[in-house]
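Spelled out from the first residue to the last, the chains are:
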Amino acid sequence: QLSWSASTDAVGVTGYSVFFRLGNGSFSLLGATTGTSFTATNLVSNSAYQFYVVARDAAGNVSAESNTVSVTTPPGAGTD
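Residues numbered from 1 in each chain as written. Predicted model: local features only at pLDDT ≥ 70, side-chain atom pairs only at ≥ 80, totals over all residues. Heavy atoms only, no water.

**Observations concerning the overall build of the protein**
Then step 1. Assigned secondary structure in the protein consists of 0 helices and 6 strands.
Then step 2. Start at the N end of the protein and walk to the C end: the helices and strands fall as β-β-β-β-β-β.
Then step 3. Based on the C-alpha atoms only, the size of the protein along its principal axes is roughly 45 × 25 × 15 Å.
Then step 4. Taken across its 80 residues, the protein has 28% of its residues classed as buried.
Then step 5. Taking as baseline every contact in the protein between residues at least 6 positions apart, the subset at least 24 positions apart corresponds to 54%.
Then step 6. Summing over all exposed atoms, the protein offers an accessible surface of approximately 4,900 Å²; the carbon and sulfur share of this is 50%. (Helix = DSSP H or I, 4+ residues; strand = E, 2+ residues; numbered from the N terminus. Buried < 20%, exposed > 50% of the residue type's maximum accessible area, 1.4 Å probe, protein only. Contact = heavy atoms within 4.5 Å. Areas by Shrake-Rupley, 256 points an atom, 1.4 Å probe, with all protein chains shown as cover.)

Structure, rendered in structure tokens:
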């Protein structure tokens with residue numbers, strides 16, 4: 001479960017895109033949400049992941065990337 005503080009801008013934030021690091025070092029879109037939390041699913045147990053979030057506004061602008069958070073799923077966590 002990822003969560004973050006809400007972003008604001010003059011046009012109005014309409015949602016957030018959540019990205020995660022792939023094995024080759026690049027980042028890929030994991031999903032999108034209109035709220036300030038996101039549940040990452042289908043993760044492999046005992047594996048390291050890195051995530052960041054960007055905000056989108058009603059005019060189509062995208063914010064700078066958030067700080068990247070690194071997590072490791074617990075052993076035996078299954079695929080969720």
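Following the structure, the description resumes.
**Observations concerning the sheet that holds strand β3 (residues 27-33)**
Backbone hydrogen bonds hold the strands of a sheet together, and the pairing may be parallel or antiparallel.
Then step 1. One open sheet accounts for 4 strands, arranged β3-β2-β5-β6; its pairing is antiparallel. Each having just a single partner strand, β3 and β6 (69-72) make up the two edges of the open sheet. In this sheet, adjacent strand axes meet at a mean angle of 30° when their direction is disregarded.
Then step 2. Pairing between strand β2 (residues 13-21) and β3: 6 bridges, direction antiparallel. Considered in β3, the bridge of Ser17 is made with Ala32. (Pairing = 2+ DSSP bridges. Axes fitted to C-alpha atoms, helices over the stretch in contact; angles between N-to-C directions.)

**Considering the nonpolar core**
Then step 1. Core analysis: the biggest nonpolar cluster contains 12 residues, these being Leu2, Trp4, Tyr16, Val18, Phe20, Phe38, Ala40, Leu43, Tyr49, Phe51, Val53 and Ala55.
Then step 2. Mapped onto this core, the elements with two or more residues apiece are β2 and β5 (48-57).
Then step 3. Looking at this core element by element, the count peaks at 4 residues for β5.
Then step 4. In this structure, Val18 is in contact with Leu2, Trp4, Ser28, Leu29, Leu30, Gly31, Phe38, Phe51, Tyr52 and Val53, ignoring residues within four places of it in sequence. (Core = buried A, V, L, I, M, F, W, Y, C linked by side-chain atoms within 4.5 Å.)

**Overview of unusual backbone geometry**
Then step 1. In this structure, Asn42 takes a positive phi of about 60° despite not being glycine.
Then step 2. Locating Asn42 in the fold gives a position in the loop between β4 (37-38) and β5.
Then step 3. Positive phi is not limited to glycine here, since Asn46 has a value of about 55°.
Then step 4. Residue Asn46 is classed as exposed on the basis of its relative accessible area of 53%.

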